[in-house]
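# Coordinate analysis (summary)
Now for the letters of each chain:
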Amino acid sequence: LALLLTLTRRTAATVEEAMRGLRLPALGRFGALHKSGADLGPNPAMEDLASLLRDARVDGARPAAIQFLGAARQDGRAELARALAVTLAQREGGRIALVDLQDDGRAHLAALGSSPQAGERVPGEVLMLPTVLPRLFVSFDAAQSDLANPRASFEGARAQMDRMRKAFETVILIAPDEAETYALRRLAAVVDANVIVVRGEATPLGRARRLRESV
């Protein structure tokens with residue numbers, strides 16, 4: 001019975017199973033992260049991930065735009081991305097942007113003790129709002145920008161991403177749930193690195209493999 005359940009299981013129970021199923025290296029293993037309330041204390045695992053991503057090189061340059069993708073809505077990629085953004089913002093360096101294309105960003109602002117503020121939105125641009133951490137900014141309703149708008153051109157999305165690279169040292173994006181749309185594939189092409197988040201016993205490996213292929 002145990003063998004049958006193992007053979008028919010569609011999710012990964014261990015990091016090793018996820019690596020074999022996706023043929024991708026694991027960047028880290030993380031426990032439960034805070035969904036509400038800011039956890040501004042040190043997180044050794046998150047510190048390792050932050051150092052790894054900063055030391056990585058893509059075409060000889062450090063990845064400045066990193067996107068977290070997932071094949072299941074409640075896979076924890078939003079909490080993981082926010083924890084990474086907080087870790088980077090607490091280090092020495094430039095400004096950090098957390099761009100949420102999955103939701104409107106209110107949850108991140110609330111978790112960091114901030115709230116949406118009135119601001120002038122430039123059509124196609126990402127509206128960034130300050131947080132309690134001086135170097136950390138969170139997007140508000142970023143799905144309306146050219147990054148995720150399927151009606152925007154590839155050149156428009158790339159130009160928007162280039163402007164954000166100039167304004168921020170690191171841009172961390174949370175991908176929307178529509179994993180197989182052209183808009184997401186286009187977005188995966190304008191960032192510097194794509195990280196697929198797999199939640200043990202929750203993320204279907206078949207959907208994760210299709211996401212890997214689409215990227």
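So, here's what we can say about the structure. From a predicted model like this one, the values you see are computed outputs, not experimental measurements.

### Some remarks on unusual backbone geometry
- Even without being glycine, Asp59 reaches a positive phi, approximately 55°.
- Here Asp59 is to be found in the loop between α3 (44-55) and β1 (65-70).
- For Asp59, a relative accessible area of 82% translates into the label exposed.
- Unlike most non-glycine residues, Asp141 shows phi in positive territory, near 55°.
- Considering the arrangement of structural elements, one finds Asp141 in the loop between β4 (136-139) and α6 (154-167).

### Regarding empty space enclosed by the protein
- Counted according to the given criterion, the structure contains 2 cavities of 30 Å³ or more.
- Its volume calculated, the second largest cavity comes out at about 40 Å³.
- In terms of lining, the second largest cavity is formed by Ala50, Leu53, Arg54, Arg62, Pro63, Ile66, Leu84, Leu88 and Thr170.
- Every element with two or more residues in the lining of the second largest cavity is listed here: α3 and α4 (77-89).
- When residues in the lining of the second largest cavity are grouped by element, the largest group, 3 residues, is from α3.
- By residue class, the composition of the lining of the second largest cavity is 6 nonpolar, 1 polar and 2 charged.

### Quick notes on the sheet that holds strand β6 (residues 193-197)
- A sheet is described by the order of its strands in space; here 6 strands give the open sequence β3-β4-β2-β5-β1-β6, paired in mixed fashion. Every other strand in the sheet has two partners, leaving β3 (128-130) and β6 as the edge strands with one partner each. On average, each strand axis in the sheet is inclined to that of its neighbour by 25°, with strand direction left out of account.
- Alignment of β1 against strand β5 (residues 170-174), held across 4 bridges, turns out to be parallel. Paired with Ala65 across the bridge in β5 is Val171.
- Along the sheet, helix α7 (residues 182-190) makes contact with β1, β5 and β6, crossing β1 at roughly 145°.

### Overview of the pattern of salt bridges
- As enumerated under the stated definition, the model contains 11 salt bridges in all.
- One salt bridge in this structure joins Glu47 and Arg91, with 2.7 Å as the shortest N-O distance. Taken as a pair, Glu47 in helix α3 and Arg91 in the loop between α4 and β2 (96-100) lie far apart in primary sequence, 44 residues in all.
- Residue class for Arg91 comes out partly exposed when judged on its relative accessible area of 22%.
- Two residues, Asp177 and Arg73, come together in a salt bridge whose shortest N-O distance is 2.3 Å. With Asp177 in the loop between β5 and α7 and Arg73 in the loop between β1 and α4, this pair connects stretches of sequence that are 104 residues apart.

Cut-offs and rules
Residues numbered from 1 in each chain as written. Predicted model: local features only at pLDDT ≥ 70, side-chain atom pairs only at ≥ 80, totals over all residues. Heavy atoms only, no water. Helix = DSSP H or I, 4+ residues; strand = E, 2+ residues; numbered from the N terminus. Buried < 20%, exposed > 50% of the residue type's maximum accessible area, 1.4 Å probe, protein only. 1 Å grid on protein atoms, 1.4 Å probe; cavity = no way out; pocket = protein on both sides within 12 Å on 5 of 7 lines; lining within 4 Å. Points joined across faces, edges and corners; volume = space filled by probe spheres on them. Nonpolar A, V, L, I, M, F, W, Y, C, P; charged D, E, K, R; others polar. Pairing = 2+ DSSP bridges. Axes fitted to C-alpha atoms, helices over the stretch in contact; angles between N-to-C directions. Contact = heavy atoms within 4.5 Å. Salt bridge = Lys/Arg side-chain N within 4 Å of Asp/Glu carboxyl O.

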